[in-house]
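Listed here are the chains, written in short residue letters.
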Amino acid sequence: MSTRRDSPRPARAWQLPSWGALALIVVLLVQAACATGAPRSGLLTGYHHQPLTPQGLKEAPAPRKPPAGGAVGERLVAEEAWARGPDVGVNHEEVGERARRVEEERAQALVLAAQREGRDPEEAREAEVDRALARMVGQCSGVEEVGAVLAFTFWVEGGALTLVGYQEERGGGRVGRLVEAQGLARVLRLVLTEYVGRRTGEVVLRLRREEARWAVDYEASRPSARPSEARTLPVRTSGTPAGTFLAFQEAAGRWSRAVQVPAGGAARVELEVRLEDGRLAGWELREVRRTREGPGGSPQLLSPEVVGHLVQVLLPFSEGLGSRTVQVVLRAEHRLGEARARGRVESARVERPPQPPGPSWYLSMHEATLLRWREGVVEGSAWLAQWGVEELALWLVGGIIARGLGFFATEGLEWVTRALGREPEVAAGWMRTALKRLTKEEKTTFEQLWQKVALEGEQTLSRGERKALRGLFVRLEEAIQEPLDDTLKKTLREEARTYYAELYPQFAELLRKRGVAFPIHHRRPLQYAHLFPDENINAGENLAMLQKYVHGEINFLWGRFRSARSNPTADEVRRAAEIIDRHFEPWYHRIDDPPGVLKTAEQAREAALRELRSQFPGLR
C-alpha cells in the first residue's frame, strides 16, 4: 500500500475536468512520440542515472507569457528564460571543468590583489632593472682580459627578470684599460628598459670586453619554453635580503675549503646548488678534476675572491620560483709564488626537476604570496593573514603537492592523505571545508605554521613546530570523522549556495533575488558528511539547484530513511542517494518542471519510496 503525504502543491497543479485530462493525455502522447525521433542535444525523455553526476542544464520549453505586472513581470520572465541554461547536459567531466575554472579564478584574484594592492608597477619594473644592472656591472668589474665575454640569459615576463643561465668565456690574456662603470650602466639600462623589459620570452645579453669599454649585444629571437621558475611579477626591492646573502656566503666558504688546486696547476670544479624559491636548500661538491698538473708541492686552497665571485654569480638565481638546481662549473688555477688559487665561474645553468602533478596556476599563486613577503616581511605576513587559511586552501594544497605528501604523512593519517592525493582543485575544495572543522585557535596555529613552511622553508621549523604541524593534521583526521553540528551545517549551506552560483553563473542573479524559491540540495546530506571524510561535501557534483516543492519531496524521502536507519553506513547512504538521484535528477539544475518526463515530482517520490523500501527493510 502506497504511503502519501499531504503537502502544498505548486499553483500549476490544479485539477482538470475529465475532458481536460483527456486533452492532456493526448498532448503527452504527442510529446512522447516526438521524443522517439531524432533526439535533440540535452532533451531528457527518460531517466538516465549516473551516481553523483548531475544531468545538468536541461532544455527548457519556450518562455511563458509575461504575468501581469508590466515591465517588472517581463524582466522576471526574461531572467527565468535566461537562467534555464543551454540545452546541453552537464556530465562529470564538465562539473570538474567548472570547478577548475572557479579555482583558477580564485588564484587569479589573489595574483591581481598582490600585484595591485599598494604597489606601483612601474616602480617595481624599475627596481628589477636596477638589481639586474647592478649585478651585471658588478660581475664585469673583475674582468680585465680583452675578448672575454659574459653572457646572461634571462626569462623576461611582466617586467620581471628571472636569470636562468650564465656563461663566461675567457679572453686572449691581454689586459685592457680601466673601464668606467657608469658608461656600462647607461648602456645596460637603455637595453633593459627600451628593448628587453616590455617583452615576454628568453633574452640573452652578451657583454664583450674590449680595450677600454664593454660592447653590449642582445638576442631575443630564439624560441624557448617558459621555465617553471620564471616570475611574472616584478619585485620592488633594491637588493638581496641579508639572510639570503649570509646563507650563500657561509655555504660557499665551507665548500671552498674542500677544494684543493695542485700547486702551479689547474682544476675544473663542478658544484650542485639546490634552491627552493629564494632559499638555499642544499649545496654539494660533485667533482674536482685536475686539468693541469704543476711542478709539485702542497695543493692550494681557493682565494676569498673566488668565493665572493661565486656568491655574486649565484645570488641572482635565488629570485626564481619553486624547487630547482643550479649546476655550476668553475675553473681554478694556481700561479707559483701566489698564496692562494684564483678562479672564475665558467657557467651556471638551471636544471629543473620534472614538473609536479600540481596545477599550472600554483606557481603564479605562490609567486603572489611570495611577492609581499619579498617586499617586506611584516607587510607580507600581514597580507597573508588578511586572506585566512581557508581562503588560501588552494595555495596550501598546491604547496603540499609541490613538496610531496611525504612531509605530511605521519602515523594515524588515512583520510587526509587520501583526500590530498586527488586532483588539486578537488583537494583544495576538500581542504577548504575540512579546515572549518577545526577550532579558531587550531586554524590560527595551522595558518602560522604553514606560512612559515611556505615562505621561509620547511627547514626553519623547530622540532616543536614540526610536531605541532603534524599534530594538526592528525587532529584534522579526527575532526572530519565527527558529525557536523548545526552551526557548521548552516555555514556550509550558505557557502554551498555561493559556490553553486560560481559554478553556474547563469543562475547567480536568480539565486540572489529569489533564492528562497530555489534551495541548493546536497545529494549526500550534510548529516552524513562524516561518513565520507575524504570527500568535499560542498563539491560541485554533490550540489543541485531545485524548486522548493521538489526539495520538499526529497527531504521527505531522507526523513523516512533516517527513521529506518538511525546509524547508517556510508554504503547505505550512498545507495539511498543513488536511488533518489535516479528518480529526481530530471529536476536538478532547473527553474521549472522538465519537459518530456512522464512523471510528476510526487510520482517520482512514490517510485523512489518503493525502491528504498525494497533496499532497506523496515523503512516505512
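Residues numbered from 1 in each chain as written. Predicted model: local features only at pLDDT ≥ 70, side-chain atom pairs only at ≥ 80, totals over all residues. Heavy atoms only, no water.

Once that is clear, we can look at the layout of surface pockets. Computed from the structure, the second largest pocket encloses a volume of approximately 900 Å³. Within the residue set of the lining of the second largest pocket, elements represented by two or more residues are helix H3 (92-116), helix H12 (424-434) and helix H15 (486-503). Take the lining of the second largest pocket: its biggest share by element is eight residues, from H3. For the lining of the second largest pocket, the per-class residue count stands at 11 nonpolar, 10 polar and 17 charged. (1 Å grid on protein atoms, 1.4 Å probe; cavity = no way out; pocket = protein on both sides within 12 Å on 5 of 7 lines; lining within 4 Å. Points joined across faces, edges and corners; volume = space filled by probe spheres on them. Helix = DSSP H or I, 4+ residues; strand = E, 2+ residues; numbered from the N terminus. Nonpolar A, V, L, I, M, F, W, Y, C, P; charged D, E, K, R; others polar.)

Their axes nearest at 10 Å, the elements helix H8 (residues 362-374) and helix H10 (residues 393-403) cross at an angle of 115°. Classed by the angle they form, the pair H8 and H10 counts as roughly perpendicular. In terms of crossing hand, the pair formed by H8 and H10 is left-handed. Of the residues in H10, those in contact with Tyr362, Met365, His366 and Thr369 of H8 are Leu394, Trp395, Gly398, Gly399, Ala402 and Arg403. Classifying every residue of the contact of H8 with H10 gives five nonpolar, four polar and one charged. (Axes fitted to C-alpha atoms, helices over the stretch in contact; angles between N-to-C directions. Parallel < 35°, antiparallel > 145°, perpendicular 65-115°, else oblique. Left-handed = near helix turned anticlockwise from the far one by under 90°. Contact = heavy atoms within 4.5 Å.)

Interhelical geometry of H8 versus helix H13 (residues 440-456) gives an angle of 90° and a closest axis separation of 10 Å. Of the possible angle classes, the one that applies to H8 and H13 is roughly perpendicular. On H13, the residues touching His366, Thr369, Leu370 and Trp373 of H8 are Ala454, Leu455 and Glu456. Considering only residue class, the contact of H8 with H13 consists of four nonpolar, two polar and one charged.

To continue, consider the packing of aromatic side chains. In this structure the tally under the stated criterion is 11 aromatic pairs. Note on Tyr500 and Tyr504: the rings are 4.6 Å apart at their centroids and 40° apart in plane angle, and the pair reads as tilted. Exposure class is identical for Tyr500 and Tyr504. Each is buried. Taking the relative accessible area as the measure of exposure, Tyr500 reaches 0% and is therefore buried. Here Arg524 stacks its cationic end above the ring of Phe532, 4.6 Å away from the centre of that ring. Across from the ring centre of Phe556, 4.9 Å away, lies the NZ or CZ of Arg605, which sits over that ring. (Phe/Tyr/Trp six-rings, centres within 6.5 Å; stacked < 30°, edge-to-face > 60°. Buried < 20%, exposed > 50% of the residue type's maximum accessible area, 1.4 Å probe, protein only. Lys NZ or Arg CZ within 6 Å of the ring centre and 35° of its normal.)

Let us look at the environment of Met545. Among the structural elements, Met545 can be located in strand S10 (residues 543-545). Put simply, Met545 and Ala501 are 44 residues apart on the chain and 9.8 Å apart in space, counted from C-alpha to C-alpha. Ignoring sequence-local partners within four residues, the contact set of Met545 consists of Tyr500, Phe507, Leu511, Phe518, Pro519, Ile520, Trp587, Tyr588, His589, Arg590 and Ile591.

A few words on the confidence of the model for the chain. Of all residues in the chain, 81% have pLDDT values of 70 or greater, and the mean over the chain is 81. The secondary-structure element of the chain with the lowest mean pLDDT is helix H1 (residues 18-35), recorded at 38, while strand S9 (residues 520-522) shows the highest, at 97. Considering only residues more than four positions removed or in separate chains, one finds that residues 1-89, a stretch of pLDDT under 50, has 135 contacts. (pLDDT = per-residue confidence, 0-100.)

Pairing within the open sheet is antiparallel, and its eight strands lie in the order S4-S3-S1-S2-S8-S7-S5-S6. Either end of the sheet is taken by a strand with one partner, and the two such strands are strand S4 (214-219) and strand S6 (279-292). Ignoring strand direction, the axes of neighbouring strands in this sheet form an average angle of 25°. Relative to strand S8 (residues 342-351), strand S7 (residues 323-333) is paired through nine bridges, and the arrangement is antiparallel. If you follow Leu330 over to S8, its bridge partner there is Val345. (Pairing = 2+ DSSP bridges.)

With respect to the helices and strands, the residue Thr237 is situated in the loop between S4 and helix H6 (242-256). Its relative accessible area of 18% is what places Thr237 among the buried residues. If we skip the residues at most four places from it in the chain, Thr237 touches Ala127, Arg131, Arg374 and Glu375.

On to the environment of Phe317. Along the polypeptide, Phe317 turns up in the loop between helix H7 (304-314) and S7. The exposure class of Phe317 is buried, given its relative accessible area of 2%. Measuring from C-alpha to C-alpha, the distance between Phe317 and Thr162 comes to 7.4 Å, with 155 residues separating the pair along the chain.

With that settled, the discussion passes to unusual backbone geometry. A positive phi is found at Asp277, a non-glycine position, where the angle reads about 55°. For Asp277, the location among the structural elements is in the loop between strand S5 (266-276) and S6. Of note in the backbone geometry, His589 takes a positive phi value of approximately 60° without being a glycine. In this structure, His589 sits in the loop between helix H18 (570-584) and helix H19 (601-615). Exposure remark for His589: the relative accessible area of 0% places this residue in the buried category.

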